[in-house]
Amino acid sequence: MSRIGRLPVVIPSGVQVGVDGLSVTVKGPRGTLARTFAPGVQITLEGNQVQVTRESDEPRIKALHGTTRALIQNMVTGVSTGFTKVLEIEGVGYRASMEGKNLVLNVGYSHPVVVEPPAGITFEVEERTRQIRVIGADAEQVGQIAADIRKIRPPEPYKGKGIHYLGEKIRRKAGKSGKGGKGGKK
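This write-up is about the structure you can find in this document.

Thresholds applied
Residues numbered from 1 in each chain as written. Predicted model: local features only at pLDDT ≥ 70, side-chain atom pairs only at ≥ 80, totals over all residues. Heavy atoms only, no water. Pairing = 2+ DSSP bridges. Helix = DSSP H or I, 4+ residues; strand = E, 2+ residues; numbered from the N terminus. Phe/Tyr/Trp six-rings, centres within 6.5 Å; stacked < 30°, edge-to-face > 60°. Lys NZ or Arg CZ within 6 Å of the ring centre and 35° of its normal. Axes fitted to C-alpha atoms, helices over the stretch in contact; angles between N-to-C directions.

## Observations concerning the pairing of strand β2 (residues 16-20)
Thinking step 1. The pairing of β2 with strand β3 (residues 23-28) spans five bridges and is classified as antiparallel. When the bridges of β3 are listed, D20 appears paired with S23.

## Focus: the packing of aromatic side chains
Thinking step 1. The full count for this structure, using the stated rule, is zero aromatic pairs.
Thinking step 2. It is K85 that lies over the ring of Y165; its NZ or CZ is 5.6 Å from the centre.
Thinking step 3. We note R153 situated over the ring of Y109; from NZ or CZ to the ring centre the distance is 4.3 Å.

## Details of the sheet that holds strand β9 (residues 102-106)
Thinking step 1. Ordered in space as β8-β9-β10, the three strands form an open sheet in which the pairing is antiparallel. Both edges of this open sheet fall to β8 (95-99) and β10 (113-115), since each of them pairs with a single strand only. Averaged over all neighbouring strand pairs, the angle between strand axes comes to 25°, with direction disregarded.
Thinking step 2. Where β8 and β9 come together, five bridges link them in antiparallel fashion. Paired with M98 across the strands is L103, a residue of β9.

This is the structure:
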């Protein structure tokens, strides 16, 4: 049996969970999340725990078992504490700033790039350390928005300029060497 799927999801105080068949609604201090799961698993609410069980041992349903439990755990964590992704800007003249709720990036293009946050997402910018924080209750949405921001100017392999995740290791390439050269006789 799935090790992760077997574990119950413990509901912290201040969080309300509603289970209606395969639909789960989670309310907490950071908002409300709702999701409908695929058939093949059963979701039950027992006291302050959510238990996920599977109906058969088919490989597809075995895969759904652990995934469903992990998604419910992410929903509970999201509405209670939230999720954060931190991005760093590297490069001379590259910077980020806030304009109302919008994120404004100056990353080497002829124009500033404006990123509008979707509902449930907020941005924070630390101009001194050149870090951008993407904050929200939905883990999937936070990760996608952070990936979209990184895609605006991904780090290049020669000098490492661009936008990258905090702690991300950038593979560096050696540049051209100064001697030798191409072609012909001297």
